[in-house]
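Chain residues, written in single-letter form:
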Amino acid sequence: MRIIMLGAPGAGKGTQAKKIADKYGIPHISTGDIFRANIKAGTELGKKAKAYMDQGALVPDELVVDLVADRVKQPDCEKGYVLDGFPRTIPQAESLDQVLSSMGQEIGFAINVEVPDEHIVRRMSGRRACVGCGATYHVVHAPSKKEGVCDRCGEPLILRDDDKPETVEKRLSVYHEQTQPLIDYYSGKGCLKEVDGTKDMEEVFTDICAILGE
Ligand code: AP5
Ligand code: MG
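Residues numbered from 1 in each chain as written. Chains lettered and ligands numbered in written order. Predicted model: local features only at pLDDT ≥ 70, side-chain atom pairs only at ≥ 80, totals over all residues. Heavy atoms only, no water.

K.L.:
How would you sum up the sheet that holds strand S2 (residues 28-30)? Please name residues and give values.
P.N.:
On the basis of which strands lie adjacent, the open sheet formed by five strands has the order S2-S3-S1-S4-S8 and parallel pairing. One side of each edge strand has no neighbouring strand; the edge strands of this open sheet are S2 and strand S8 (192-196). Pairwise comparison of adjacent strand axes, ignoring direction, gives a mean angle of 20° for this sheet. Here strand S1 (residues 2-6) runs beside strand S4 (residues 109-114); their pairing, made up of four bridges, is parallel. Across the sheet, the residue bridging to Ile-4 is Ala-110, located in S4. Set on the sheet, helix H9 (residues 201-212) makes contact with S1, S4 and S8; between it and S8 the angle comes to about 155°. (Pairing = 2+ DSSP bridges. Helix = DSSP H or I, 4+ residues; strand = E, 2+ residues; numbered from the N terminus. Axes fitted to C-alpha atoms, helices over the stretch in contact; angles between N-to-C directions. Contact = heavy atoms within 4.5 Å.)

K.L.:
So what's going on with the pairing of strand S3 (residues 81-84)? Residues and values would help.
P.N.:
Every regular strand shows the same layout, with side chains that alternate between the two sheet faces. Of the two faces of S3, the one carrying Tyr-81 and Leu-83 and the one carrying Val-82 and Asp-84 are both buried. One ladder, built from four bridges, connects S1 with S3; its direction is parallel. From the neighbouring strand, Met-5 faces S3, where its bridge partner is Asp-84. Pairing of S2 with S3, which is carried by three bridges, proceeds in the parallel orientation. Bridge assignment links His-28 to a residue of S3, and that residue is Val-82. (Buried < 20%, exposed > 50% of the residue type's maximum accessible area, 1.4 Å probe, protein only.)

Everything listed here is a matter of geometry and, on its own, says nothing about what the molecule does.
Here is the structure:
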């Protein structure tokens, strides 16, 4: 089961990808999480990525394509995976296709989580992310048990640097320009599925499970 999550920043790709990964027992591969882990660890990749991420711009394709190509070849990806935040440009999608076809594989589902822009800015200002394990919360829709503390690992919760309203607007415009064309790309391949991401998280997940089947 090879799945791609599409959708604007804050549409709920990460939220749903984690649920899919748990239910179907496949890895959740988030390029945003990989970059944030590299920033935290102070790696060269992290240093390069941070400059782009803080501005709400995309990290250059060449920094992300090989990383994902290596990841999907790992043994735990044999039964499939859910890709969250990749591909984000047509060239990224084309290189993923090349990697997959060299392994005799293809994407099964590209799930577009649809949320209009006006919802997004509101959602992002309420998101909190754990500095330790990367778990995501929302002050209204998915609060932690104790305010400001991660339920899973006890580390502090923060507002991501790129969730400030001015950066969110930049990310949205980058999304419309560079990532939205992927909807047509996967529609053309016949694997595009759409879900209404403005519904409650559990309802969105039910709709996704109906698409993926048991
Ligand atoms: P990334 O981390 O992928 O960020 P993003 O795409 O901007 O998406 P988000 O993680 O912000 O949102 P999400 O859709 O996962 O929403 P979430 O589930 O958290 O990328 C960050 C940066 O890294 C990029 O800007 C770029 O610079 C770089 N990057 C990453 N991949 C790259 C690539 N392939 N190429 C180039 N650059 C790359 O939900 C949001 C909030 O809403 C949460 O608080 C959640 O609790 C809440 N929520 C979720 N669902 C619902 C619901 N149904 N109802 C109410 N609230 C909800
Ligand atoms: Mg995410």
